[in-house]
Amino acid sequence: YYFYSNTRKIKMEIAVLGGGNGSYAAAAHLSEQGHSVRMWRRNHSRFSKVLSSREKALEDWESERKVKIDMATDDLSSAIKGAKLVLIPLPATCHNQLSNEVAPYLEDGQVVFFSPGTFGSYIFAESLRCSDNRAEVTFAETGTLPYLARKQSEEKVRISVYATRLPTGVYPSNRTAMAMETLSNAYPAVEPLRDALDGALMNAGPIIHPPLIILNAGPLEHFESWDIHNEGTQPSIRRVTSELDKERIYLREQLGYGEPHFPLENHYDDSKEEWMYGNHSHEKLTDSGDWREKIDLLAHRYMLEDVALGLSLWASIARWLDVDIPLATGILSISSAIVGRDLCSTGRTLENLGLAEFSKDTLNVLLREGVASE
């Protein structure tokens, strides 16, 4: 059932950037799978115990055990140098700053993987292009983290579910075969998509989280903690997420992306085609209790990433295509009122990325070749 079982791998040098749930899970899991992992985290004080021990506790369905990591560092260049694969399982809110920091250290032949990306592939590629670094680097992004995971402390992570399918788009897409060979050595669950925008529109975060935080705004602000995935996912709210997902699929179809679309309904219904986390994953998530938390609607990544960046990208694509996605734009408007600023105009839009004036043909060339031409 778990994607890594009975899979023979070639040992690979992997850099894991960040100190969040996904980064901790990736560093521990990939180290245990036999890869040489260099983990970088900016916050030295919170990372101090791992820096000194090069060890993490990993808990999952199997057991709790200690996992050694080859390198733990707060020096970004040391983590990236010589790595075949660079993993960035971080919120998209960090992309603009981190892309400029990473660009000088990237090397020929490396694959940089975002899980998920919200079209971060393009942002990092542009930062590399605008730098003095002429390395040929490939970027890829998938629809979700390879893990449902939560840190229990600064030294321990618990993985409730391992992804079984990871639909992945590559930028530029003419390097998809090479990227998939590298990525599948770490994550055999990767499945190739047409390009990076195809991958960006597989991102599950803007489907799941915005309705859950907006429609649970009252209890989130009233109670000390609230599980939006448990008591917060009631039938009426599920109907909203399903309709929002139909807008995502509609955008995909308007852009010419075909099936599979990985409809969110499959996540909740095990009788349908397997979703990214496989069968029974929603129950495992809620049973863990790890998602019972305090969510600050003004500061949480569900608002600042999934709404402000994810839904703003959708809305801008709809404008570009001259089509309507009323539920997504409505959630954006309500969220803007909550946070007190226009999330649509300030978000990760085609306008702000400098792509709104492109024709469909020009955008397709850019996605395939990494450079645009009329």
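Residues numbered from 1 in each chain as written. Predicted model: local features only at pLDDT ≥ 70, side-chain atom pairs only at ≥ 80, totals over all residues. Heavy atoms only, no water.

1. Thoughts on the layout of surface pockets
- In this model, the largest pocket occupies a volume close to 920 Å³.
- In terms of lining residues, the largest pocket is bounded by 45 residues, among which N21, P89, P91, L145 and R301 are the most central.
- Listed by contribution, the elements that provide at least two residues to the lining of the largest pocket are helix 1 (21-32), helix 4 (95-102), strand 9 (147-151), helix 8 (205-215), helix 11 (265-268), helix 12 (281-288) and helix 13 (301-321).
- Considering each element in turn, the lining of the largest pocket owes the most residues, 5 residues, to strand 9.
- Of the volumes computed, that of the second largest pocket is approximately 290 Å³.
- If you trace the second largest pocket, you find 16 residues lining it, with A125, L128, R129, R175 and G370 closest to the centre.
- No other element matches helix 5 (residues 120-130), which puts 4 residues into the lining of the second largest pocket. (1 Å grid on protein atoms, 1.4 Å probe; cavity = no way out; pocket = protein on both sides within 12 Å on 5 of 7 lines; lining within 4 Å. Points joined across faces, edges and corners; volume = space filled by probe spheres on them. Helix = DSSP H or I, 4+ residues; strand = E, 2+ residues; numbered from the N terminus.)

2. Topic: empty space enclosed by the protein
- Summed over the entire model, instances satisfying the criterion amount to 2 cavities of 30 Å³ or more.
- Computed from the structure, the largest cavity encloses a volume of approximately 40 Å³.
- What lines the largest cavity is A26, L87, I88, P89, F113, S115, P146 and Y187.
- Tallied by class, residues from the lining of the largest cavity come to 7 nonpolar, 1 polar and no charged.
- A volume near 30 Å³ is recorded for the second largest cavity. (Nonpolar A, V, L, I, M, F, W, Y, C, P; charged D, E, K, R; others polar.)

3. Brief notes about the packing of helix 8 against helix 10 (residues 235-254)
- Across the interface, helix 8 lies against helix 10 with an axial gap of 9 Å and an inter-helix angle of 140°. By the angle between their axes, helix 8 is oblique relative to helix 10. Note on packing geometry: the crossing formed by helix 8 with helix 10 is right-handed. Contacts from P206, I207, I208, P211, L212 and L215 of helix 8 reach helix 10 at I237, V240, T241, L244, D245 and R248. (Axes fitted to C-alpha atoms, helices over the stretch in contact; angles between N-to-C directions. Parallel < 35°, antiparallel > 145°, perpendicular 65-115°, else oblique. Left-handed = near helix turned anticlockwise from the far one by under 90°. Contact = heavy atoms within 4.5 Å.)

4. A closer look at the pairing of strand 3 (residues 55-59)
- Among the 5 residues in strand 3, 4 count as buried, and that is most of the element.
- The turn linking strand 3 back onto strand 4 (residues 64-68) is made up of 4 residues.
- Where strand 3 meets strand 10 (residues 156-162), 3 bridges bridge the pair, whose relative direction is parallel. If you follow L58 over to strand 10, its bridge partner there is V157. (Buried < 20%, exposed > 50% of the residue type's maximum accessible area, 1.4 Å probe, protein only. Pairing = 2+ DSSP bridges.)

5. Notes on the packing of aromatic side chains
- Tallying each qualifying case throughout the model produces 8 aromatic pairs.
- Arranged with centres 4.8 Å apart and planes meeting at 55°, the rings of F114 and F124 form a pair that is tilted. Pair noted here: F114 is in strand 7 (residues 111-114) and F124 is in helix 5, with a separation of 10 residues, a long-range link. By the burial criterion, F114 is buried, and F124 matches it.
- When the ring of F119 is compared with that of Y122, the centres are 5.6 Å apart and the planes differ by 10°; the resulting orientation is stacked.
- Here K56 stacks its cationic end above the ring of Y24, 4.3 Å away from the centre of that ring.
- The aromatic ring of Y24 is capped on one face by K151, whose charged end is 4.3 Å from the ring centroid. (Phe/Tyr/Trp six-rings, centres within 6.5 Å; stacked < 30°, edge-to-face > 60°. Lys NZ or Arg CZ within 6 Å of the ring centre and 35° of its normal.)

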